[in-house]
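Given next are the chains, with one letter for each unit.
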Amino acid sequence: MSSGDKRPRGLPPITRIELTNDKTRMRLILLVGCILVAIVAMVVGLSSALNTEPGWQIIDPSTTGLSCSDDFTLNYYLGAGEISATEEQKRLRVLYGEATIKAYQLFHPSLMVEQCNNLAYINAHPNETIAVDPALYQAFAQIQTAKNRCLYLGPVYVEYEQVFGSEADSIAASFDPAKNAAQAAYVGEIAAFANDEKHIDLELLENNQVRLKVSEEYLAYIQQNELTRLLDFSWMKNAFIVDYLAKTLLNNGFSNGYLASFDGFTRNLDTRGEQYSFNLFNREEKNIDLPAVFRYKKPTSIVFLRDYPISAQDEELYYVYASGESVTTFIDPADGMQKNALHNLVSYSEKGGCAQLLLQICSVYLRDSVSAGELNELTASGIYSIWFEERVLCYNDKNLDLQVFQSEDVIYTASYAG
């Protein structure tokens, strides 16, 4: 098995797991899914604290406080540069650890941090001019350039979190706007404010300063309904964080590896020509299949969006009813309702980071449906996609290195849709 082949030895031709709303059973099934979804599974040897052998290692960040490190995996090939593998590991642990702490603080929508004008601080100080960290300012600038309004759906995300935390279908349905007319009306009211820059808008000023402008009407509504989380990156957060972590590593000379988040954002930094593989999942009713992988060799950003859980951490982002119907956190700013154009969409690019990629595909994913033609239009920007139409794997990159697994009872085929 090559260092870039993520599939464990003995992997069945097509792996299938079943969606379920039994959370105890789900955790057991998703433990297997967690292993399968690892973006690149490397054979990692044991290393001592005093002497690290060269080769692939999962970097355990050195942290002294709350961080976002649990959301990410940093796999790195140690010892390929001028310093020893042991010294490189030590430097990476400190650098990566500090970056995950800082990112956690900056992008948190409700946790106030001393001497840190983070997202929570901005939420608590509407209509005030605030100096923010350049990393947070850059994230805001990207969202503004893309004309994306998802950032302003903070109160709507709070409502959906009630669904995700439910222990029974009846409880989930009471919070689910798709099943409760009163909830639909409520999130619709918030979305009407959130989608109107006259009521709420983040003004970007010089010298990394921002001002969250909120109208008197929306302020009154906020006070009446006791809303506090106005801005929230929510499901988009880790796209921005993985870019920040990647930039931190690259700026310090570390590029021989990749970063991957549990919720589908991957930044591969490796310029050495190593081969990597990425799992391609597909949802078919209550079943989740792993019928294919694609391989690549260049630094690449990958965004994997899906309307079903495949890891234990996904319980915070999805709810699955007994019927197999799922609720996700992909919310359309137009009406506050969840929208998933496809069960699963993998988009990738060698240009830019995950946040830029995500913001460009948002317009086609946060809808009820999408056509191949609309996905193909993105190829002009260097964005290629892989999606499924039932058991047909569709792709629009004619140079894609694709492997489709074969099985007697579950048959998938591939079709170039470019």
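Every value quoted in this text rests on a predicted model; they were computed, and no experiment measured them.

### Points about the overall build of the chain
Part 1: When helices and strands are tallied, the chain shows 11 helices and 18 strands.
Part 2: Burial statistics for the chain: of 418 residues in total, 54% are counted as buried.
Part 3: Sequence separation of at least 24 residues holds for 67% of the intrachain contacts in the chain that already meet a minimum separation of 6.
Part 4: Working note: accessible area of the chain is about 18400 Å², and carbon and sulfur atoms make up 47% of it.

### Remarks on the sheet that holds strand β11 (residues 300-306)
Through backbone hydrogen bonds, the strands of a sheet pair up, either in parallel or in antiparallel fashion.
Part 1: Spatially, β2-β3-β7-β8-β11-β14-β15-β16-β18 is the arrangement adopted by the nine strands of the open sheet, whose pairing is mixed. One side of each edge strand has no neighbouring strand; the edge strands of this open sheet are β2 (55-58) and β18 (413-416). Neighbouring strand axes in the sheet, compared pairwise and without regard to direction, differ in orientation by 15° on average.
Part 2: In the sheet, strand β7 (residues 257-261) pairs with strand β8 (residues 265-268) via three bridges, with the strands oriented antiparallel. Note that in β8 the partner of Tyr258 across the bridge is Asn268.
Part 3: Contacting β3 (72-78) and β7, helix α2 (residues 85-106) crosses the sheet at an angle of about 155° to β3.
Part 4: Packing against the sheet, helix α10 (residues 354-365) makes contact with β8, β11 and β14 (344-349), and its axis sits at approximately 35° to β11.

### Some words on the sheet that holds strand β6 (residues 209-214)
Part 1: Strands sit in the order β4-β6-β5 across an open sheet of three strands; the sheet is antiparallel. Either end of the sheet is taken by a strand with one partner, and the two such strands are β4 (129-131) and β5 (200-204). Shown here is a sheet whose adjacent strand axes are inclined to one another by a mean of 25°, direction ignored.
Part 2: Pairing of β4 with β6 involves three bridges; the strand directions are antiparallel. Paired with Thr129 across the strands is Arg211, a residue of β6.

The rules behind each value
- Residues numbered from 1 in each chain as written.
- Predicted model: local features only at pLDDT ≥ 70, side-chain atom pairs only at ≥ 80, totals over all residues.
- Heavy atoms only, no water.
- Helix = DSSP H or I, 4+ residues; strand = E, 2+ residues; numbered from the N terminus.
- Buried < 20%, exposed > 50% of the residue type's maximum accessible area, 1.4 Å probe, protein only.
- Contact = heavy atoms within 4.5 Å.
- Areas by Shrake-Rupley, 256 points an atom, 1.4 Å probe, with all protein chains shown as cover.
- Pairing = 2+ DSSP bridges.
- Axes fitted to C-alpha atoms, helices over the stretch in contact; angles between N-to-C directions.

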